[in-house]
Amino acid sequence: MNKIAPSELILNPDGSIYHLNLKPEHIAKDIIFVGDQNRVAKISKHFDSIEFETQKREFKTITGTYKGKRISVMSTGIGPDNIDIVMNELDALVNIDLINRVPLKEHTKLNIVRIGTSGSLQADIPVDSFVLAKYGLGFDGMLLSYDCDEVLESDFEDAFIKHTNWSPRKARPYIVKNSRELQTKLSGDKVFQGVTATAVGFYGPQGRVLRLPIQDPDLNNKIDNFEYNGVRITNLEMETSAIYGLSKLLGHNACSMNAIIANRANGTFSEDPYKPVEELIIYTLNKLAQ
Ligand code: R1P
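Residues numbered from 1 in each chain as written. Predicted model: local features only at pLDDT ≥ 70, side-chain atom pairs only at ≥ 80, totals over all residues. Heavy atoms only, no water.

## Let's talk about the site of the ligand
Next up, step 1: Every residue near the ligand is listed here: Gly35, Asp36, Arg39, Ile78, Arg114, Gly116, Thr117, Phe202, Glu237, Met238 and Glu239.
Next up, step 2: The contact in question runs from an oxygen atom of the ligand to an N or O atom on the backbone of Gly35, over 3.2 Å.
Next up, step 3: Separating an oxygen atom of the ligand from a side-chain N or O atom of Arg114 is a distance of 2.8 Å.
Next up, step 4: The element best represented in the shell around the ligand is strand E7 (residues 111-120), accounting for three residues.
Next up, step 5: In terms of residue class, the shell around the ligand is made up of three nonpolar, three polar and five charged. (Near = heavy atom within 4 Å. Polar contact = N/O pair within 3.5 Å; in protein donor to acceptor, adjacent residues only side chain to side chain. Helix = DSSP H or I, 4+ residues; strand = E, 2+ residues; numbered from the N terminus. Nonpolar A, V, L, I, M, F, W, Y, C, P; charged D, E, K, R; others polar.)

Below, the structure written as structure tokens:
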């Protein structure tokens with residue numbers, strides 16, 4: 001088997017992987033992603049004990065145990081481009097022999113759960129509520145760099161493109177399912193479910209207008225009233241579709257949980273956005289430890 005060249009799989013002088021600064025023994029099989037590096041400690045403060053901690057750029061990782069379960073929590077920073085780095089490097093840690101630079105014969109599957117913040121697109125999904133993404137809908141185009149046809153929900157995508165009259169000048173929207181196994185584990189009475197849309201920016205790409213006019217001012221309305229087989233688009237953020245797409249391609253389980261801190265349909269913002277995030281952290285940790 002051909003070795004993966006040092007230019008393609010970059011290691012630090014201590015043998016850790018380039019951006020994440022991690023070696024295989026540093027990570028658990030259950031991994032929580034957060035966007036904000038300061039949210040890592042907000043999760044690990046609930047751990048029984050901490051065994052490892054590192055940070056490089058926006059990628060901070062802490063591994064420890066919660067109620068006896070080994071969990072790593074890691075910040076991804078903002079956006080799907082960072083998810084490309086995080087997912088590929090995490091997968092390399094468990095599925096590539098870093099010394100001999102060849103894929104390992106036995107595949108290791110990770111359980112990846114995002115605890116994020118997001119804006120609701122539906123008036124009836126209020127601020128301070130939780131949303132679990134059954135599907136990720138990517139406007140970011142990142143996944144399309146890969147040979148990804150097998151993981152795409154093409155009919156769902158076609159219906160969305162038709163409904164929104166999506167501009168061919170923008171990347172084709174892609175849709176990928178979550179892990180139904182993790183969905184079952186993380187579901188609960190108070191958790192809304194639907195499609196989480198992932199944008200490649202915060203302002204124009206999510207329909208926010210400050211000084212620049214946008215390509216389709218009606219897009220958020222069209223997203224709001226789209227439905228496919230009884231599933232609607234619940235919320236908008238910047239990571240889920242990329243996590244879902246690369247997890248499916250690389251053979252990992254993924255499920256994204258978001259605390260709703262803004263409601264784009266009625267213009268409201270949480271009075272205390274840290275509160276629903278803290279509640280979602282405790283909710284998710286307890287579900288994972290069960
Ligand atoms: C934008 O403010 C950031 O917040 C949301 C978006 O997805 C984006 O990353 O999530 P996090 O709070 O997890 O970073």
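From this point, the narrative continues.
## So, the environment of Met142
Next up, step 1: Tracing the backbone through its elements, the reader meets Met142 in the loop between strand E8 (130-138) and helix H3 (154-164).
Next up, step 2: With relative accessibility at 12%, the residue Met142 sits in the buried group.
Next up, step 3: Put simply, Met142 and Ile83 are 59 residues apart on the chain and 9.3 Å apart in space, counted from C-alpha to C-alpha.
Next up, step 4: With residues up to four places along the chain from it excluded, the contact list for Met142 reads Pro80, Asp84, Tyr174, Ala242 and Leu246. (Buried < 20%, exposed > 50% of the residue type's maximum accessible area, 1.4 Å probe, protein only. Contact = heavy atoms within 4.5 Å.)

## Points about the packing of helix H2 (residues 80-95) against helix H6 (residues 240-250)
Next up, step 1: Closest axis-to-axis distance for the H2/H6 pair is 9 Å, and the angle between their directions is 25 degrees. Judged by the inter-axis angle, H2 sits roughly parallel to H6. Two packed elements cross with a definite hand, and for H2 against H6 that hand is right-handed. Judged by residue contacts, Pro80, Ile83, Asp84, Met87, Asn88 and Asp91 of H2 engage Ala242, Ile243, Leu246, Ser247 and Leu250 from H6.
Next up, step 2: Residue classes in the contact of H2 with H6 are distributed as seven nonpolar, two polar and two charged. (Axes fitted to C-alpha atoms, helices over the stretch in contact; angles between N-to-C directions. Parallel < 35°, antiparallel > 145°, perpendicular 65-115°, else oblique. Left-handed = near helix turned anticlockwise from the far one by under 90°.)

## As for the packing of aromatic side chains
Here a ring pair, both rings aromatic, is described through the centre-centre distance and the interplanar angle of the planes.
Next up, step 1: Following the criterion strictly, the structure yields nine aromatic pairs and no others.
Next up, step 2: Where Phe139 meets Phe160, the ring centres are 5.8 Å apart and the plane angle is 15 degrees; that geometry is what we call stacked. Highlighted residues: Phe139 in the loop between E8 and H3 and Phe160 in helix H3, separated in sequence by 21 residues. We note that Phe139, like Phe160, is buried.
Next up, step 3: Look at Phe160 and Phe226: their rings are 5.4 Å apart centre to centre, the planes differ by 80 degrees, and that puts the pair in the edge-to-face class. Separated by 66 residues along the polypeptide, Phe160 in helix H3 and Phe226 in the loop between helix H5 (219-224) and strand E11 (227-228) bring together distant segments of the chain. Each member of the pair, Phe160 as well as Phe226, is classed as buried.
Next up, step 4: In this structure an aromatic cluster arises from ring pairing among Tyr135, Phe139, Phe156, Phe160, Trp166, Phe226 and Tyr228.
Next up, step 5: If you follow Lys170 out to its NZ or CZ, it ends over the ring of Trp166, 4.2 Å from the centre.
Next up, step 6: The lysine or arginine in question, Arg208, covers the ring of Phe202, its NZ or CZ lying 4.0 Å from the ring centre. (Phe/Tyr/Trp six-rings, centres within 6.5 Å; stacked < 30°, edge-to-face > 60°. Lys NZ or Arg CZ within 6 Å of the ring centre and 35° of its normal.)

## Remarks on the pattern of salt bridges
Next up, step 1: Under the defined criterion, the tally for this structure stands at eleven salt bridges.
Next up, step 2: In this structure, Glu278 and Lys45 form a salt bridge, with 3.5 Å as the shortest nitrogen-oxygen distance. Residue Glu278 is located in helix H7 (residues 274-289), and its partner Lys45 is located in the loop between helix H1 (37-44) and strand E2 (49-56); the two are separated by 233 residues in the primary sequence.
Next up, step 3: Judged by its relative accessible area of 23%, Glu278 is partly exposed.
Next up, step 4: Residue classification places Lys45 among the exposed positions, given a relative accessible area of 54%.
Next up, step 5: Between Arg114 and Glu237 there is a salt bridge; the shortest N-O distance is 3.0 Å. With a gap of 123 residues between them, Arg114 in strand E7 and Glu237 in strand E12 (residues 231-237) connect regions that are remote in the sequence. Exposure class is identical for Arg114 and Glu237. Each is buried.
Next up, step 6: By sharing partners, the salt bridges in this structure join Arg114, Glu237 and Glu239 into a single network. (Salt bridge = Lys/Arg side-chain N within 4 Å of Asp/Glu carboxyl O.)

## Thoughts on the UniProt feature "domain: Nucleoside phosphorylase" (unreviewed entry) in the protein
Next up, step 1: In this numbering, the UniProt entry assigns the feature "domain: Nucleoside phosphorylase" (unreviewed entry) to residues 31-267.
Next up, step 2: Within residues 31-267, the helical portion is 25% and the strand portion 35%, while the C-alpha atoms at the span's ends are 33 Å from each other. (UniProt positions renumbered as here; feature names shortened; annotations may be inferred.)

## Notes on the packing of H1 against H7
Next up, step 1: The contact between H1 and H7 brings their axes to 10 Å, and the two run at 50 degrees. For the element pair H1 / H7, the angle class is oblique. Relative to H7, the crossing made by H1 is right-handed. For the pair formed by H1 and H7, the contact residues are Arg39, Lys42 and Ile43 on the first element and Tyr274, Val277, Glu278, Ile281 and Leu285 on the second.
Next up, step 2: The residue makeup of the contact of H1 with H7, split by class, is five nonpolar, no polar and three charged.

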